Amino acid sequence: MSGRPSILPTEDAFEDFKKQCLATENWLNKYDNNGMQVWIEVPENRGNNSPKVHKIKCKMTIKDVSAATMYDVIHDGQYRKNWDPNMLESFDIARLSDNADVGYYSWLCPKPIKNRDVVTLRSWRVMGDEYMIINFSVKHPKHPPQGHLVRAVSILTGYFIKPTGPNSCTFIYLSQADPKGSLPKWVVNKASQVLAPRVMKCVHKAGQNYSAWKQQNSPDLKPWLYPEQSNLPMMDPADLSIQRADSLQNVDESSKKDALESEDSS
């Protein structure tokens, strides 16, 4: 074993993530409709340049799906293919511990921006009645950046789910990411005002339909709850390193015009 500190998140990391999910100071509301809100963080030191790292938070009040079911929905990679409208490809690579793995995800971006991908270390906790999943970007020796996609960086992304009743919950998604590239302002605006609410609606619908789907698709298989069910190969977390944004190529897309801007702004 190496003498380096473990890359796996500590309890403090989960506590810090929860605080960010529940914080209100320095957050600007960009969307508020039908029990869903979207905020972007307003940097304390703004300077002349808009920040390259964007932080977005979405909160949904769910009145008809339990917290445990929503937690299962986010974990279930097979089910994700049914509901995630932005996904190009997604797969788990290896297990790191009973509550951590490493995986790959690529997604569609609004045209004409290039599509993105990430390799992330994901970890999860159930603490009392609170469910948390967090991830951040890592370098994996067998999954380097690909030429046709821009490798983005998740600095901290995750979900905080808390029940408000037996079949209701508060569902919060928070993402601090560097999309790698000088994105035009319309992309950032579209992400907070159009794309994020659209994806959250898909997540909610996925929660409503999950129990029926799961009954037909390996109903007892939930390795995120029962790690002994996992058939992923084990990997030493020391073989991974945190992916820093400055080691990746920047793509200048700031001059791109949105062919679909008017269609989505209504």
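Bear in mind that the values here come from a model prediction, so they are computed numbers and not experimental data. (Residues numbered from 1 in each chain as written. Predicted model: local features only at pLDDT ≥ 70, side-chain atom pairs only at ≥ 80, totals over all residues. Heavy atoms only, no water.)

Colleague: Lay out the pattern of salt bridges with the relevant residues and their values.
Modeller: This model, assessed by the stated rule, comprises twelve salt bridges. Between E11 and R125 there is a salt bridge, with its nearest N and O atoms 2.9 Å apart. With E11 in helix α1 (residues 11-22) and R125 in strand β6 (residues 116-127), the pair connects residues that are 114 residues apart, well separated along the chain. For R125, a relative accessible area of 17% translates into the label buried. As a salt-bridge pair, D72 and K222 come within 2.7 Å of each other at their nearest N and O atoms. On the criterion of sequence distance, the pair formed by D72 in helix α2 (residues 67-75) and K222 in the loop between α4 (185-216) and β11 (241-242) is long-range, its members being 150 residues apart. For D72, a relative accessible area of 6% corresponds to the buried category. (Salt bridge = Lys/Arg side-chain N within 4 Å of Asp/Glu carboxyl O. Helix = DSSP H or I, 4+ residues; strand = E, 2+ residues; numbered from the N terminus. Buried < 20%, exposed > 50% of the residue type's maximum accessible area, 1.4 Å probe, protein only.)

Colleague: Give a description of α1 that names residues and reports values.
Modeller: Its twelve residues place the ends of α1 17 Å apart at the C-alpha level, agreeing with the 16 Å of an ideal helix rising 1.5 Å per residue. Within the sequence span of α1, burial applies to F14, F17, K18, Q20 and C21. Considered in projection along α1, the buried side chains sweep an arc of 160° and stay on one side of the axis. Away from its buried face, by an angle of more than 90 degrees, α1 presents the exposed residues D12 and K19. The secondary structure elements touched by the buried residues of α1 are β1 (27-33), β3 (54-62), β6, β7 (130-139), β9 (153-165) and β10 (168-178). (Expected span 1.5 Å × (residues − 1). Arc of directions from axis to C-beta. Contact = heavy atoms within 4.5 Å.)

Colleague: Would you mind going over the nonpolar core in detail, with residue names and values included?
Modeller: Counting 29 residues, the largest nonpolar core has I62, M70, Y71, Y79, I161 and F171 as the members making the most contacts within it. Broken down by secondary-structure element, the contributors of at least two residues to this core are β2 (36-41), β3, α2, α3 (77-83), β7, β9, β10 and α4. Once residues within four sequence positions are removed from consideration, F171 is found in contact with C58, K59, M60, I62, M70, I74, Y159, F160, I161, M200 and V203. (Core = buried A, V, L, I, M, F, W, Y, C linked by side-chain atoms within 4.5 Å.)

Colleague: Give a detailed account of the packing of aromatic side chains, specifying residues and quantitative values.
Modeller: How two aromatic rings sit relative to each other is given by the distance of their centres and the angle of their planes. Taken as a whole and judged by the stated rule, the model has eight aromatic pairs. The interplanar angle of 20° and the centroid separation of 5.8 Å between the aromatic rings of Y105 and W107 together place this pair among those described as stacked. Measuring from ring centre to ring centre gives 6.1 Å for Y210 and W213, while their planes differ by 25°; the resulting arrangement is stacked. Remark: W213 and Y210 occur in helix α4; sequence separation between them is three residues, near one turn of the helix. Judged on exposure class, the residue Y210 and its partner W213 are both buried. Put simply, the rings of Y79, Y210 and W213 pair up and form one aromatic cluster. (Phe/Tyr/Trp six-rings, centres within 6.5 Å; stacked < 30°, edge-to-face > 60°.)

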